[in-house]
Each structure stands twice: as structure tokens, then as C-alpha cells.
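Inside the fold
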Amino acid sequence: MEDLVVEVCGENGAYYKAYITDVHDDEVSVAFETDLTSFPYASWQPESKFSLSRVRLPPKETDGKSEFSENVEVEVYSRANEQEACGWWRAMVKMIKGDFHVVEYLGWETTYTEIVPSDRIRPKNLNPPIKKDTFFKFEIEVPDDVKEYSKTESNHKEFRKACGAAICRYCSIKQALVIISLNETAQKRATMLSDMHFRNLRQKVLLLSRTEEAAKQLESTKLHTSSGYIEEFSVREDLMGLAIGAHGANIQQARKVDGITNIDLEETTCTFKIYGESEEAVKKARSMLEFAEESVQVPRFLVGKVIGKNGRIIQEMVDKSGVVRVKIEGDNEPQPSPREEFLSVQGQVPFVFVGTVENITNAKVLLEYHLAHLKEVEQLRQEKLEIDSQLRSMHNPHPLGPLQSFPVSRRNDRGYSSETDMGRGRASGMGSNRGRLGGPIGRGGKFVHWGDGSRGSSNYVASVSGGSNGSVSGSNSHNNFIPNVEQKGTLISAHSGSSGHRAISRSGKSDGYSTSKGLLNSRK
């Protein structure tokens with residue numbers, strides 16, 4: 001700012017040192033120099049505007065010592081009182097004794113004389129008042145991505161020097177760099193260098209942000225190693241996408257938990273490290289990121305009832321537990337990389353839940369509770385059937401006669417039935433006796449009954465997604481009956497020749513389920 005040093009004429013006629021801060025049409029804004037004789041240091045006058053006629057440039061400095069003679073007008077560096085700063089006053093040299101001069105101040109009705117040393121005297125300043133074209137002021141628009149960084153004036157120091165400008169600062173109102181110079185060529189240089197300057201600023205902003213982030217991480221790591229709580233756990237590689245979330249959404253949410261200071265992820269080993277101020281905070285964040293896959297074995301004869309009509313029961317479990325999805329494995333399910341814990345055992349069908357550990361635990365509670373209820377109902381049903389059989393035996397002593405009017409329907413222990421009450425929705429098989437589709441299409445074509453009336457049908461494989469509209473597919477290799485029906489909110493279909501699995505997961509608005517592939521085999 002030394003290039004824009006000026007002298008401002010006060011009301012007492014003295015000229016005081018000041019610095020140009022802005023240039024206007026007929027005025028200039030100036031800031032006075034700091035008074036070093038008082039503490040705390042402060043400018044003796046606030047920043048103010050002055051007309052151009054009261055402002056002049058200081059004289060050029062000379063290398064040698066000035067020689068003065070008597071009766072020559074000079075300027076003396078002095079002040080009228082202790083409350084104001086020193087300024088340059090007009091005076092006349094009356095006498096010279098060595099390095100001391102006797103001067104008489106001019107412009108006063110009363111004569112004032114003073115003896116001053118030679119270092120407080122200079123020749124009269126002959127510079128005229130400044131004009132509009134004394135300074136050149138122009139603006140350069142600042143890109144949005146570096147506006148914040150441009151607010152610090154020191155960031156433009158090298159740019160200002162290269163342009164030959166006296167002032168280069170960011171104006172928040174105009175959102176531009178304001179450049180003031182005594183040289184007209186500064187504008188051409190600034191225009192030439194602006195693109196390079198802003199590109200350099202972007203690079204500095206990026207490096208500073210990375211440095212700050214690294215410093216915070218270093219400080220956080222030091223803090224964690226000395227105190228706090230740490231949880232470390234690994235997630236299976238094929239579940240890392242669920243754990244991280246879309247664009248890291250799950251990690252961001254976990255970092256927002258009160259008391260969490262940092263979360264690190266080692267991608268090569270799929271290991272999370274959670275740092276927090278309390279054990280509760282760390283465990284809560286872990287519950288949001290620790291995804292797993294667990295299976296529950298369901299008796300084959302209860303699979304249909306666990307799924308429910310149109311998948312209503314299993315969908316309710318998915319929604320209430322919060323699991324991402326549930327896969328129902330089958331005997332003919334292709335297993336590229338089979339895991340022993342998910343393989344079905346004799347008479348059992350594995351239901352594989354995918355989600356956070358907490359959500360899987362909730363799903364298992366719901367499923368086990370429902371299974372206990374179904375087994376109890378089945379026991380009561382068997383007891384009732386036994387009593388009914390005894391009653392028929394007592395009323396019909398001839399076993400080969402009237403008993404033929406009361407056939408006892410045997411439930412296939414391998415079939416899937418979605419009916420939850422006894423004696424409802426029964427129908428005879430369709431097609432040949434080699435492999436009948438055991439259940440009928442629901443009333444009005446609204447759903448497909450997952451049961452069988454023969455021993456030849458089994459091995460449904462399902463995959464259901466929570467809240468999604470999907471399909472249930474199945475095939476009968478020994479008949480030509482292929483149902484394909486649709487219900488608003490839930491699409492259920494059966495297609496011949498399909499194979500695969502059915503998965504139920506959470507999403508969407510409707511309580512439906514979708515079956516991507518299904519298989520119903522028949523045996524002779």
C-alpha cells in the first residue's frame with residue numbers, strides 16, 4: 001500500500017500522511033497512519049472521504065541531505081498539541097546554527113517560532129492536488145468457486161505485484177477484485193494474468209482443504225489413541241455396498257451420531273473403525289453399519305403359512321424388522337458359492353435374512369414367534385382331527401361303508417400352503433395324476449394358492465422385496481396349467497419353466513412381494 005501514500009490537508013493547514021483505500025468520482029477514501037506514540041496502537045483519525053483538492057502526493061525522496069538557507073520556505077514535521085498526529089507545516093527558516101534551525105510558522109496571525117533539528121525539515125512540497133486520472137481503478141470478476149478464498153487480501157499479494165498495482169482486494173458487494181494503480185498498464189497485465197491467478201487459487205484451495213482434513217484426522221487419531229472408545233468390525237465383501245450406502249449415505253449418518261468423532265474404513269479388508277466419546281455412541285454407530293446375512297430353518301410344511309397369502313405375513317416381518325431382504329432357498333437353488341449354514345436340511349427350508357445385525361435379530365424374533373404359533377395351531381388341529389376320527393369311528397362301525405363319505409385329506413409334509421385356517425380353499429388337483437398343482441387360483445383370479453394336493457409338487461424358491469410390486473412364479477412340469485394373474489398393488493404370476501429363488505425386501509409403498517424365479521417340480 002506504500003505506492004498509494006498521500007498527504008491530506010487538515011483544517012489547520014497542515015498535511016498529514018494517509019493511504020488511499022478507494023477512489024470515487026470526486027473524492028478519495030483514505031486511512032491515516034497508526035499513531036505509534038500511544039498504546040494500544042490506533043489510527044488517530046477514522047477512515048474518511050476527502051475531496052481531490054485536499055489531497056496531494058508526497059514529494060519524491062532524495063538520497064542526499066538537503067541544504068537549507070535562511071529566508072527559504074520549508075515544511076516542518078510537527079504538531080500543534082499532544083492529541084493529534086504530526087504533520088507537515090509551512091514555515092520560514094530564520095536562522096541556522098549547525099544541525100538546528102530556527103523556523104517561523106506561516107499562516108498564523110500570531111508569530112510562532114521553534115528550534116528544530118534538520119531531520120524534521122524538508123523542502124516545500126510542490127506537488128499539485130490529485131485529479132481523477134491520477135489513479136486507475138478497475139474490476140475483475142471472481143469465479144464462484146474461489147470467492148470465499150479471495151476475501152483474504154494476502155492471497156492476491158503476488159498477483160498485485162505482477163500487475164504493478166497498489167491495491168488488489170475482494171469486494172463482497174460487487175463480487176469482484178478491485179484493483180487500483182498509478183499505472184495504466186496494470187489493467188492490461190491483470191487481464192492477462194487473471195485466468196492463471198484464479199487457477200492457482202483453486203489449486204491452493206484444494207491443497208488447503210486436504211491439509212486441514214489431514215490435520216483434523218491426525219488430531220482425531222491422537223485423541224482416540226489416548227482416550228475414548230473404539231469399535232472395530234468387518235463386513236462381508238458382498239455386503240459392503242449395503243453397509244456404505246448410496247454415495248456413503250450410511251457412513252455419513254453414522255458420523256452424525258452424537259459422540260462419534262471419526263469413522264475409518266479400510267476398503268481392502270472391509271474393516272470399519274468407529275471412534276467415539278462414549279460406548280453407547282460407538283455401539284449405535286456400529287448398529288447402523290454392521291450388515292450381515294443369517295438363515296433360519298423353517299419346517300417345509302409351514303413355509304406356505306409363514307409366507308402368507310400374497311406374501312402378507314413375510315412382508316410384515318420384513319417391514320417391521322427393517323431387514324433389507326429375505327431369500328427363501330430351495331432344493332434346486334443354484335449355489336455358486338454355497339455356505340453350509342444356508343443349506344437346507346431334511347424337511348427344512350432356510351429363510352435367509354439380509355440386513356444389519358440388529359434388524360436380523362428382530363426378524364428372527366418375529367419369525368420364531370410366528371413359527372411357535374403355527375406349531376401350536378398345528379398341534380391343536382391334529383388333536384381335533386384325532387377326536388373327529390374317533391367320533392366317526394363310534395358313529396360308523398362299518399369302516400368300509402359310510403366312512404367313504406368322510407375322506408380325510410392328508411397334508412403333504414413337503415408342500416407349501418398359504419392358508420391359515422383349516423378346511424378353506426381346498427380343491428382337487430388339475431391336470432394329470434402325475435403332478436397336480438395342489439391349490440386353485442384365488443377367487444376372482446386375485447392370487448395363486450401355494451399349496452399342493454399331491455406328493456409330486458415341492459421345491460418352491462422365492463425372493464421377496466418389502467413394499468415392491470413383484471411376481472410369484474412357478475411351474476408344473478407335468479401339466480399345462482399356467483396361471484398368470486395380476487392384482488393392483490401386488491403382481492403375482494406363475495410361469496412355466498422358470499427357476500431360481502424368491503427374495504423379499506423392504507422398499508416401495510405397497511405391501512407386496514416379487515418372485516423373480518420359481519420352480520415347482522412333480523414326481524411320478
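Notes on the structure follow.

**With respect to the overall build of the protein**
- The helix and strand inventory of the protein stands at nine helices and 25 strands.
- A total of 524 residues make up the protein; the buried ones form 41% of that total.
- Within the protein, contacts between residues at least 6 apart in sequence are counted, and of these 63% link residues at least 24 apart.
- Entry remark: accessible area of the protein is about 30400 Å², with carbon and sulfur atoms responsible for 50%.

**Considerations on a nonpolar patch on the surface**
- Judged by side-chain polarity, I387, L391 and M394 come together as a nonpolar surface patch covering roughly 330 Å² of accessible area.
- Checked against the element boundaries, M394 lands in helix 9 (residues 357-395).
- M394 gets classed as exposed once you look at its relative accessible area, which sits at 66%.

**Digging into helix 9**
- Between its first and last C-alpha atoms helix 9 spans 57 Å; for 39 residues at 1.5 Å apiece the expected length is 57 Å, and the two agree.
- Every buried residue of helix 9 is listed here: N359, I360, A363, L367, H370, L371, L374, E378 and R381.
- In this structure, the buried residues of helix 9 make contact with strand 19 (291-299), helix 7 (303-307), helix 8 (312-321) and strand 21 (348-356).

**Describing unusual backbone geometry**
- With a phi angle near 55 degrees, H247 is a residue other than glycine that sits in the positive phi range.
- Take H247: it is sitting in the loop between helix 4 (240-244) and helix 5 (249-255).
- Since its relative accessible area comes to 81%, H247 is described here as exposed.
- In this structure, N310 is a non-glycine residue whose phi angle is positive, near 55 degrees.
- If you trace the backbone, N310 turns up in the loop between helix 7 and helix 8.

**Notes on the sheet that holds strand 18 (residues 271-276)**
- The strand order across the open sheet built from three strands is 16-18-17, with neighbouring strands paired in antiparallel fashion. Edge strands, defined here as strands with exactly one partner in the open sheet, are strand 16 (229-234) and strand 17 (260-266). The average angle at which neighbouring strand axes cross in this sheet is 15 degrees, direction not considered.
- Examined bridge by bridge, strand 16 and strand 18 share six bridges and lie antiparallel to one another. The residue bridging I230 from the neighbouring strand is Y275, located in strand 18.
- Relative to the sheet, helix 6 (residues 279-289) contacts strand 16, strand 17 and strand 18, its axis offset from that of strand 16 by approximately 20 degrees.

Each value, and the rule that gives it
- Residues numbered from 1 in each chain as written.
- Predicted model: local features only at pLDDT ≥ 70, side-chain atom pairs only at ≥ 80, totals over all residues.
- Heavy atoms only, no water.
- Helix = DSSP H or I, 4+ residues; strand = E, 2+ residues; numbered from the N terminus.
- Buried < 20%, exposed > 50% of the residue type's maximum accessible area, 1.4 Å probe, protein only.
- Contact = heavy atoms within 4.5 Å.
- Areas by Shrake-Rupley, 256 points an atom, 1.4 Å probe, with all protein chains shown as cover.
- Patch = residues over 30% accessible without salt bridge, like charges linked within 9 Å, V, L, I, M, F, W, Y side chains within 5 Å.
- Salt bridge = Lys/Arg side-chain N within 4 Å of Asp/Glu carboxyl O.
- Expected span 1.5 Å × (residues − 1).
- Pairing = 2+ DSSP bridges.
- Axes fitted to C-alpha atoms, helices over the stretch in contact; angles between N-to-C directions.

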